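Understanding the architecture of this molecule
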Amino acid sequence: MKSLVSIQDLSKEEMLHILEVAREFEQNREQNFLAGKVIACLFFEPSTRTRLSFEAAINRLGARVIGFPDARNTSQSKGETLEDTIKIISNYSDMIVMRHPVAGAAATAASVASVPVINAGDGANQHPTQTLLDMYSMLKTQGTLENLTINMVGDLRFGRTVHSLCEAMWQFNPNLIFTAPEELEMPRKYTEFLDSKGVRYAKCTSLEEHIKDCDILYMTRVQQERFPDREEYERVKDCYRLTAPMLEGVKPGMKILHPLPRVGEITTDVDSSPHAYYFEQAGNGMYVRMAIISCLLGYR
Ligand code: CP
């Protein structure tokens, strides 16, 4: 049994194994082999997809869920530390799924927990379970994870999903394109990591420039909640808007992914395009999270 704090906790083989198990669960989602287990879902930050797909995954595996979607009703509001909270909940559960606004909070939790901890997003740092469902979505739509051209667009500075994705995809010989205004560029920490692995990447500021080159167009939301400066957010919040006419001439198999929620960076006329895959992508999350839980608990 181990925790999943960073996508780098998993080897390439372990990631591929989880995707294989997810495929098994997609073919038969009525599983019950975790009956009697209790899994805690602790969400210190808002979530729709991650929390509810985890809860659905836990229920479909036969386990039960405890937890909270809002920490204001917990003893954290009385000043209890995260460490003490996690030690207590370790006594009640077989696994902890946690989202927290502070980067590094998942590592802190895992260091004091006596049960596996799954990072469901920690600040602008990591979102490893999103990455696995993104990979599953790429594998389903492209038939391979190798040699893909992936264009990441938008808030690459605060976007934990794109940070985790870089740290996973380097193992599959990708060609990465980072489309962002200067204020939202991919942090040097990640470009230096890619340099150390010999991964090809290009930076650009125009959404049109590479839209016809890519296999995956990975759109992201500009994350208002992470900006220290409101004026800076106002300057960049509408930096990209993907519309249906912009898809003219893209590769026939190109798919648009987005971790969601969206707030205007993809207009609704794109939803009916054969390139749109973001709602199916969110649906894949349940199977991938069933697989992650099963593998970390040693059942697959
Ligand atoms: N993709 C994602 O993490 O969505 P939620 O914030 O709704 O969980």
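Described below are features of the structure shown in this document. This is a predicted model, so every value here is computed, not measured. (Residues numbered from 1 in each chain as written. Predicted model: local features only at pLDDT ≥ 70, side-chain atom pairs only at ≥ 80, totals over all residues. Heavy atoms only, no water.)

A word on the site of the ligand. Taken together, the neighbourhood of the ligand is formed by Ser47, Thr48, Arg49, Thr50, Arg99, His127, Gln130, Pro259 and Leu260. Arginine 49 has a polar side-chain atom sitting 2.9 Å from an oxygen atom of the ligand. In this structure, an oxygen atom belonging to the ligand sits 2.9 Å away from a side-chain N or O atom of histidine 127. In the complex, the protein chains occlude 91% of the 250 Å² of accessible area that the ligand would expose alone. Split into classes, the residues belonging to the shell around the ligand amount to two nonpolar, five polar and two charged. (Near = heavy atom within 4 Å. Polar contact = N/O pair within 3.5 Å; in protein donor to acceptor, adjacent residues only side chain to side chain. Areas by Shrake-Rupley, 256 points an atom, 1.4 Å probe, with all protein chains shown as cover. Nonpolar A, V, L, I, M, F, W, Y, C, P; charged D, E, K, R; others polar.)

To continue, consider the pattern of salt bridges. Enumeration over the complete set of coordinates arrives at 18 salt bridges. The partner of aspartate 215 in a salt bridge is lysine 251, with the nearest N and O atoms 3.0 Å apart. A residue pair is termed long-range when its members are at least 10 positions apart, and aspartate 215 in the loop between strand S7 (200-204) and strand S8 (216-219) and lysine 251 in the loop between helix H8 (230-236) and strand S9 (255-257) qualify at 36 residues. For aspartate 215, a relative accessible area of 12% puts it in the buried group. Three or more residues are tied together by salt bridges with common partners; here these are Arg29, Glu30 and Arg60. (Salt bridge = Lys/Arg side-chain N within 4 Å of Asp/Glu carboxyl O. Helix = DSSP H or I, 4+ residues; strand = E, 2+ residues; numbered from the N terminus. Buried < 20%, exposed > 50% of the residue type's maximum accessible area, 1.4 Å probe, protein only.)

Time to look at the packing of aromatic side chains. Using the criterion set out here, one finds eight aromatic pairs in the structure. Ring-pair connections join several aromatic residues into one group, and the members of that group are Phe25, Phe33 and Tyr299. The positively charged end of lysine 12 is found above the aromatic ring belonging to phenylalanine 172, 4.8 Å away from the centroid. It is arginine 157 that lies over the ring of phenylalanine 227; its NZ or CZ is 6.0 Å from the centre. (Phe/Tyr/Trp six-rings, centres within 6.5 Å; stacked < 30°, edge-to-face > 60°. Lys NZ or Arg CZ within 6 Å of the ring centre and 35° of its normal.)

The subject of this paragraph is the sheet that holds strand S5 (residues 149-153). Think of a sheet as strands paired side by side through backbone hydrogen bonds, with each pair either parallel or antiparallel. Taken in spatial order, the five strands make up an open sheet running S7-S6-S5-S8-S9, and their pairing is parallel. Among the strands making up the open sheet, the edge pair consists of S7 and S9. Averaged over all pairs of adjacent strands, the angle between their axes in this sheet comes to 20°, without regard to strand direction. Sheet topology note: the S5/strand S6 (residues 175-179) ladder contains five bridges and is parallel. By the bridge assignment for S6, methionine 152 is matched with phenylalanine 178. (Pairing = 2+ DSSP bridges. Axes fitted to C-alpha atoms, helices over the stretch in contact; angles between N-to-C directions.)

Turning to the nonpolar core, a few remarks are in order. If you look at the biggest cluster of nonpolar residues, it comprises 67 residues, and the most contacted ones within it are Leu132, Met135, Met138, Ile150, Met152 and Ile293. For this core, the leading source of residues is helix H9 (residues 278-296), giving nine residues. Listed in part, the 18 residues of the second largest apolar core include Leu207, Met246, Met254 and Ile266. (Core = buried A, V, L, I, M, F, W, Y, C linked by side-chain atoms within 4.5 Å.)

To continue, consider the packing of helix H2 (residues 49-60) against H9. Closest axis-to-axis distance for the H2/H9 pair is 8 Å, and the angle between their directions is 55°. Considering the angle they form, H2 stands oblique to H9. The two elements H2 and H9 cross, and the hand of that crossing is right-handed. Of the residues in H9, those in contact with Arg49, Thr50, Ser53, Phe54, Ala56, Ala57, Ile58 and Arg60 of H2 are Ala282, Gly285, Met286, Arg289, Met290 and Ile293. (Parallel < 35°, antiparallel > 145°, perpendicular 65-115°, else oblique. Left-handed = near helix turned anticlockwise from the far one by under 90°. Contact = heavy atoms within 4.5 Å.)

Let's shift gears to the packing of helix H5 (residues 128-142) against H9. Where H5 meets H9, the axes come as close as 8 Å, and the angle between the chain directions of the two elements is 115°. In the packing of H5 onto H9, the handedness of the crossing is right-handed. Only Gln281, Asn284, Gly285, Val288, Arg289 and Ile292 of H9 make contact with H5, whose side of the interface consists of Thr129, Gln130, Leu132, Leu133, Asp134, Tyr136, Ser137 and Lys140. Of the residues in the contact of H5 with H9, the class split is five nonpolar, six polar and three charged.

Bringing the environment of tyrosine 277 into the picture now. On the secondary structure map, tyrosine 277 appears in the loop between S9 and H9. For tyrosine 277, a relative accessible area of 10% puts it in the buried group. Taking C-alpha positions, tyrosine 277 is 9.8 Å from methionine 138, a pair spaced 139 residues apart along the chain. Ignoring any residue separated from it by four or fewer positions in sequence, one finds tyrosine 277 in contact with Ser137, Lys140, Thr141, Lys255, Ile256, Leu257 and Asn284.

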